[in-house]
Amino acid sequence: KTIKQRREEVLKIIGIDSPNPVRICLGIPITSKGTKMDEIADSPFWSNLFDSFMKSIDWRSNRYIFRFYLGFDRADTLYDTGDAWTDMRKEFQLRATYRMKEQLMDDEAIKQVLEKQLTLRLMHFDHLEGAPSQVVSQLMLKALDDNFDYFYQVDSHCTHSSL
């Protein structure tokens, strides 16, 4: 068999159109405590981790499902007040769209990625204040419950060159 034929067979097993595509969780504890952020867009999660993640993947050929699980303390002064959750979802969509447009994707292809391959889950916790490792454990348990296959703990200040 040719390389192309073998690749097509593999994608039938693990690709997005497979009955069981590979699902990857990125669990990130975040806090505004001790920072001078004024709005959601100021978070290093967006400028460091998320932007570099988006640049590291060729979204036109990606065959995996990614979900960002963000966890923070209940009543965090930035992430869990007023319209913060709505603001985070808007920022997620805005930045993801921008990075996919850089890859010359059209609006329909971007919509498909945001519906099927790239999602955001927000969670706040009452009893884990100042315990990021326990927040990560809870995020990963939720991802396991959501049937994800691979689990990565990542700091919001990190950058990625590839995944």
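Nothing here was measured: the structure is a model prediction, and the numbers come from that model.

What counts as what
Residues numbered from 1 in each chain as written. Predicted model: local features only at pLDDT ≥ 70, side-chain atom pairs only at ≥ 80, totals over all residues. Heavy atoms only, no water. Axes fitted to C-alpha atoms, helices over the stretch in contact; angles between N-to-C directions. Helix = DSSP H or I, 4+ residues; strand = E, 2+ residues; numbered from the N terminus. Parallel < 35°, antiparallel > 145°, perpendicular 65-115°, else oblique. Left-handed = near helix turned anticlockwise from the far one by under 90°. Contact = heavy atoms within 4.5 Å. Polar contact = N/O pair within 3.5 Å; in protein donor to acceptor, adjacent residues only side chain to side chain. Core = buried A, V, L, I, M, F, W, Y, C linked by side-chain atoms within 4.5 Å. Buried < 20%, exposed > 50% of the residue type's maximum accessible area, 1.4 Å probe, protein only. Salt bridge = Lys/Arg side-chain N within 4 Å of Asp/Glu carboxyl O. Arc of directions from axis to C-beta. Patch = residues over 30% accessible without salt bridge, like charges linked within 9 Å, V, L, I, M, F, W, Y side chains within 5 Å. Areas by Shrake-Rupley, 256 points an atom, 1.4 Å probe, with all protein chains shown as cover. Lys, Arg positive; Asp, Glu negative; His and termini not counted. Charge placed at Lys NZ, Arg CZ, Asp CG, Glu CD.

Draft legend 1. View of the packing of helix α2 (residues 44–56) against helix α3 (residues 84–102). α3 packs onto α2 with a crossing angle of 40° between their chain directions and a minimal axis gap of 9 Å. By the criterion of interaxial angle, the relationship of α2 to α3 is oblique. When you trace α2 past α3, the crossing you get is right-handed. Every residue of α3 that contacts α2 at W46, S47, F50, D51, M54 and K55 is listed here: M88, E91, F92, R95, A96, R99, M100 and E102.

Draft legend 2. Quick look at the side chain of S52. Position of S52 among the secondary structure elements: in helix α2. Among the polar contacts listed, one links the side chain of S52 to the backbone oxygen of N48, at a separation of 2.7 Å.

Draft legend 3. Fine view of the nonpolar core. With 34 residues, the main nonpolar core has I28, F50, F53, W59, F68, M100 and L118 as its most contacted residues. Ranked by residue count, the leading element in this core is α2, at six residues. Apart from the residues lying within four places of it in its own chain, the contact partners of I28 are F45, L49, F68, Y69, L70, G71, L139, V154, D155 and S156. Residues I65, F125, A143 and F148 belong to the second largest nonpolar core, which totals 11 residues.

Draft legend 4. Seen up close, the pattern of salt bridges. Under the counting rule described, the total for this entry stands at 11 salt bridges. One salt bridge in this structure joins R95 and D51, with 2.7 Å as the shortest N-O distance. Of this pair, R95 sits in helix α3 while D51 sits in helix α2; the two residues are 44 residues apart in sequence, bridging distant segments of the chain. For D51, a relative accessible area of 8% puts it in the buried group. For D145, the salt bridge is made with K142, and the minimal N-O distance between the two is 3.4 Å. In this pair, D145 and K142 are both assigned in helix α5 (residues 132–145), three residues apart and thus about one turn of the helix distant.

Draft legend 5. Seen up close, helix α4 (residues 107–116). Three or more residues of α4 are buried, namely I110, V113 and L114. End-on, the buried residues of α4 take up no more than an arc of 95°, which puts them together on one face. Those residues of α4 hidden inside the fold are in contact with α3 and β3 (118–125). Sitting at the amino-terminal end of α4 is D106, which places a side-chain oxygen 3.2 Å from the backbone nitrogen of E108.

Draft legend 6. Structural context of a negative patch on the surface. A contiguous patch of negative charge on the surface is contributed by D38, E39, D42, D83 and D87. By relative accessible area, D83 is classed as exposed at 54%.

Draft legend 7. Representation of the environment of G27 in the model. Mapped onto the elements, G27 comes out in strand β1 (residues 23–29). By relative accessible area, G27 is classed as buried at 0%. When the C-alpha atoms of G27 and A143 are compared, they prove to be 8.5 Å apart, with 116 residues separating the residues in sequence. Aside from chain neighbours lying at most four places away, what touches G27 is Y69, L139, M140, Y152, Q153 and V154.

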